[in-house]
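Residues per chain, in single letters:
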Amino acid sequence: MFEKSSGPRDIRIAEDQHPLYVELTEDESSPFYNVTKTDLFIFAMGYGFDQGLRTPISGNTRALFNIDSLDTNQLWNIRAIAVYETESHEVLRDRKQVFDIAREYAHGGIDNLHKNYASPGDTFSDLTNEIVKCGESRQLSD
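Here is a short report on the structure shown in this document.

## A closer look at the nonpolar core
Counting residues in hydrophobic clusters, the biggest one holds 31 residues, and the most contacted among them are Y21, F41, M45, L70 and I78. At the level of secondary structure, the elements contributing two or more residues to this core comprise β1 (10-14), α1 (18-26), α2 (37-51), β2 (61-66), α3 (72-86) and α4 (95-118). In terms of residue count, the dominant contributor to this core is α4 (9 residues). When neighbours within four sequence positions are excluded, Y21 is seen to be in contact with I13, K37, L40, F41, A44, L64, A106 and I110.

## Re the packing of α3 against α4
Interhelical geometry of α3 versus α4 gives an angle of 95° and a closest axis separation of 9 Å. For the element pair α3 / α4, the angle class is roughly perpendicular. Of the residues in α4, those in contact with L75, I78, R79, I81, A82, E85 and T86 of α3 are Q97, V98, F99, I101, A102 and Y105. When the residues that make up the contact of α3 with α4 are grouped by side-chain class, the tally is 9 nonpolar, 2 polar and 2 charged.

## Concerning α2
Across its 15 residues, α2 extends 20 Å between first and last C-alpha, which sits within 8% of the 21 Å expected from 1.5 Å per residue. The complete set of buried residues in α2 reads T38, L40, F41, I42, A44, M45, Y47 and G48. Where α2 terminates, the next one or two residues include G52, which has phi positive at roughly 70°.

## Topic: the packing of aromatic side chains
A full pass over the atoms with the stated rule returns 4 aromatic pairs. Between the aromatic rings of F41 and F65, the centroid separation amounts to 5.5 Å while the plane-to-plane angle is 75°, which identifies the pairing as edge-to-face. A residue pair is termed long-range when its members are at least 10 positions apart, and F41 in helix α2 and F65 in strand β2 qualify at 24 residues. Across this residue pair, the class does not change: F41 and F65 are buried. Clustering of aromatic rings is evident, with ring pairs tying together F49, Y84 and Y105.

## With respect to the pattern of salt bridges
Under the counting rule described, the total for this entry stands at 7 salt bridges. Notably, a salt bridge pairs E90 with R93, separated by 2.9 Å at the nearest N-O pair. Under the relative-accessibility criterion, R93 is labelled partly exposed at 44%. Within this structure, R54, E85 and E104 form a network of salt bridges that share partners.

The rules behind the values
- Residues numbered from 1 in each chain as written.
- Predicted model: local features only at pLDDT ≥ 70, side-chain atom pairs only at ≥ 80, totals over all residues.
- Heavy atoms only, no water.
- Core = buried A, V, L, I, M, F, W, Y, C linked by side-chain atoms within 4.5 Å.
- Buried < 20%, exposed > 50% of the residue type's maximum accessible area, 1.4 Å probe, protein only.
- Helix = DSSP H or I, 4+ residues; strand = E, 2+ residues; numbered from the N terminus.
- Contact = heavy atoms within 4.5 Å.
- Axes fitted to C-alpha atoms, helices over the stretch in contact; angles between N-to-C directions.
- Parallel < 35°, antiparallel > 145°, perpendicular 65-115°, else oblique.
- Nonpolar A, V, L, I, M, F, W, Y, C, P; charged D, E, K, R; others polar.
- Expected span 1.5 Å × (residues − 1).
- Phe/Tyr/Trp six-rings, centres within 6.5 Å; stacked < 30°, edge-to-face > 60°.
- Salt bridge = Lys/Arg side-chain N within 4 Å of Asp/Glu carboxyl O.

It is worth stressing that arrangement in space is one thing and function is another; only the former is reported here.
Put into structure tokens, the structure is as follows:
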């Protein structure tokens, strides 16, 4: 059902966000140190989705990674968010729309993650607690 012939080849992010990905993956004090930019994008997308941070991207963009480098689980996370967002599985026929939704959630998510990282105190401890609570509540509802 997912059309491979249409849509983007690369995940493109706002050009001004690229330094955020670099800092979060290359700074030894970051909880995302040595994480791939692909994995950070997926995390930012999920975090942005959970927090309702879908943000349109305007201005210049740059490629962060090639879509073909996504693994099956990452692709299904992207697809699941698109289906949830549009309330229709028909979105899977439009690869561009699927990835636009993912990019917009990651756009809002990465900004918030970086703000947490750059803030004084242990804000990532709070984020970890939020993630654990979210996982526990979702297990209880299953």
